[in-house]
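Structural characterization, general
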Amino acid sequence: MKVFINKRIPEIGINMLKNEGLDIVFPENEDLSYDEWLQYCRNTDVILNVGSTFRYDKAFFDECPDIKAIALYSVGFDHVDIQEAVHRKIPIGNTPDVLSKATSDTAFLLMQSVARRAAYNFRKVKEGNWGPFDPMKALGQELYGKTIGIFGLGRIGFEMAKKSLSAFDMKVIYHNRHRNEEAEQVLNAEYVSFEELVRKSDVLSVHASFTPEQQHLFNRSVFKRMKPDAIFINTARGGFHNQKDLYDAIVSGEIWGAGLDVTNPEPIPEDDPILELSTVCVFPHIGSATIEARNGMARLAAENIIAFSKGQKMPHCANPEIYS
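These numbers come from a predicted model, not from an experiment.

**Here's the deal with the overall build of the protein chain**
Per the secondary structure count, the protein chain includes 12 helices and 12 strands. The C-alpha radius of gyration computed for the protein chain amounts to 21 Å, which stays within 12% of the reference 20 Å derived for 324 residues, consistent with globular compactness. In terms of its C-alpha atoms, the protein chain occupies a principal-axis envelope of roughly 65 × 45 × 35 Å. Sorting the 324 residues of the protein chain into buried and exposed places 51% on the buried side. Considering only contacts within the protein chain whose residues lie at least 6 apart along the sequence, 64% involve residues at least 24 apart. Carbon and sulfur atoms form 50% of the exposed surface of the protein chain, whose accessible area is close to 15700 Å².

Here's what the structure looks like:
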């Protein structure tokens, strides 16, 4: 069975596949055009997909009718038409759990960085612009006892809420499609409507799975209804927020600031004015960028492919209904 991997992943995953005798194909150049990518996909049985540059939609499946399975090197699968994959009986594997702590660490770091203007102050030091002591200049804010609002209280959101409660004794509120009884019991989390989440959160952190219907869910209208000292955190997908609206909301004082590990667009243009704001911190999508998390993702992706190659159900499957 031939497995196409579009980018190098940690050796733990590659070695697992090799030990099973699978034929692994890497591109000569990882910066593939769409047509080049399609050509590789047409000549393989299984894809181990790294990144979300191209979509797995009906047009793709029509072009590559011999694809039998796809293992994603990610938790998110918004770049895959799941219903089309179900229709064609193609299992889609993903990598849940192993990056929950790392990604929530990133959200937690962003929250603190924005609250204390860390990126702005670091930039001042690098520029030699430390300046004399000024008791009223570039003040941050403390997080103790404030309210953390989680949009999407799944595994990553749970870890973010747990950290916020433990470190800063923050009150946890959340909005989900479904109640999270474990969070309510363990974290004393309170389920609220979306409108309450927006109005009551001192920090609003996005951790939900993205769908096209949620494009620009967090827009100027929403930011206007937030607290003027609120912090917006997004480590999920850039599509959740309208970036110009976010900039305008911060500049106008409608909210305090923002911490982004995902941007809209992505990568963010280097001249985007939001990068100049003192209460904004932006990372280049590094939520899972730890040795432990990336090794875990490689292991889970390999487990999915190995199970499929043996005629077994993928253990980490985004569309398990195909096995019904």
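**Some details on the layout of surface pockets**
The computed volume of the second largest pocket comes to approximately 410 Å³. A breakdown of the residues in the lining of the second largest pocket according to their chemical character gives six nonpolar, four polar and five charged.

**A look at the packing of aromatic side chains**
Scanning the model with the defined rule gives 18 aromatic pairs in all. A network of ring pairs unites the aromatic residues F151, F194, F210, F218, F223, F232 and F240 as a single cluster. One Lys or Arg, R8, reaches over the ring of F26 and ends 4.2 Å from the middle of that ring.

**Structural notes on the pairing of strand β7 (residues 171–175)**
For β7, the buried fraction is high: four of the five residues fall into the buried class. Taken together, strand β6 (residues 147–151), helix α7 (residues 155–168) and β7 form a β-α-β motif whose crossover is right-handed. With two bridges joining them, β7 and strand β8 (residues 190–191) adopt parallel strand pairing. The partner of Y174 across the bridge, within β8, is Y191.

**With respect to helix α11 (residues 243–251)**
Turning to α11, its buried residues number three or more, namely Q243, D245, L246, D248, A249 and I250. Tucked inside the fold, the buried residues of α11 contact α10 (220–224), β10 (231–234), β11 (257–260) and β12 (280–282). Here α11 starts with a cap whose side-chain oxygen sits 3.2 Å from the backbone nitrogen of K244, and that cap is N242.

**Section: a nonpolar patch on the surface**
The grouping of F122, V125 and W130 at the surface amounts to a nonpolar patch, some 390 Å² of accessible area in total. As for its placement among the helices and strands, V125 is situated in helix α6 (residues 118–126).

**Considering the sheet that holds strand β5 (residues 92–93)**
A sheet is described by the order of its strands in space; here five strands give the open sequence β2-β1-β3-β4-β5, paired in parallel fashion. Across the chains shown, the open sheet's two edge strands, defined by having one partner strand only, are β2 (23–25) and β5. Relative to strand β4 (residues 69–72), strand β3 (residues 46–49) runs parallel, the two being bridged by four bridges. In the strand pairing of β4, V46 is matched with A69.

**Some thoughts on the environment of A85**
Note that A85 resides in helix α4 (residues 82–87). Expressed as a C-alpha distance, the spacing of A85 and I70, which sit 15 residues apart in the sequence, is 9.4 Å.

**Some thoughts on the state of the cysteines**
Summed over the entire model, instances satisfying the criterion amount to zero disulfides. We note that C317 lacks a disulfide partner, and the nearest cysteine sulfur, in C41, lies 18 Å from it. Among the residues examined, C317 registers a relative accessible area of 17% and is labelled buried.

**Digging into the side chain of N234**
Inspection of the secondary structure assignment puts N234 in strand β10. Note on N234: relative accessible area 0%, which makes it buried. At a separation of 3.0 Å, a polar atom in the side chain of N234 contacts the main-chain amide nitrogen of A236. Side-chain polar atoms of N234 contact the side chain of H241, separated by 3.0 Å. Among all residues touching N234, those that are not within four sequence positions of it are V206, F240, H241, G259, L260, D261 and V262.

Rules used in this analysis
Residues numbered from 1 in each chain as written. Predicted model: local features only at pLDDT ≥ 70, side-chain atom pairs only at ≥ 80, totals over all residues. Heavy atoms only, no water. Helix = DSSP H or I, 4+ residues; strand = E, 2+ residues; numbered from the N terminus. Rg over C-alpha atoms; globule rule 2.2 N^0.38 Å. Buried < 20%, exposed > 50% of the residue type's maximum accessible area, 1.4 Å probe, protein only. Contact = heavy atoms within 4.5 Å. Areas by Shrake-Rupley, 256 points an atom, 1.4 Å probe, with all protein chains shown as cover. 1 Å grid on protein atoms, 1.4 Å probe; cavity = no way out; pocket = protein on both sides within 12 Å on 5 of 7 lines; lining within 4 Å. Points joined across faces, edges and corners; volume = space filled by probe spheres on them. Nonpolar A, V, L, I, M, F, W, Y, C, P; charged D, E, K, R; others polar. Phe/Tyr/Trp six-rings, centres within 6.5 Å; stacked < 30°, edge-to-face > 60°. Lys NZ or Arg CZ within 6 Å of the ring centre and 35° of its normal. Right-handed = clockwise from strand over helix to strand, strands pointing away. Pairing = 2+ DSSP bridges. Polar contact = N/O pair within 3.5 Å; in protein donor to acceptor, adjacent residues only side chain to side chain. Patch = residues over 30% accessible without salt bridge, like charges linked within 9 Å, V, L, I, M, F, W, Y side chains within 5 Å. Salt bridge = Lys/Arg side-chain N within 4 Å of Asp/Glu carboxyl O. Disulfide = S-S within 2.5 Å.

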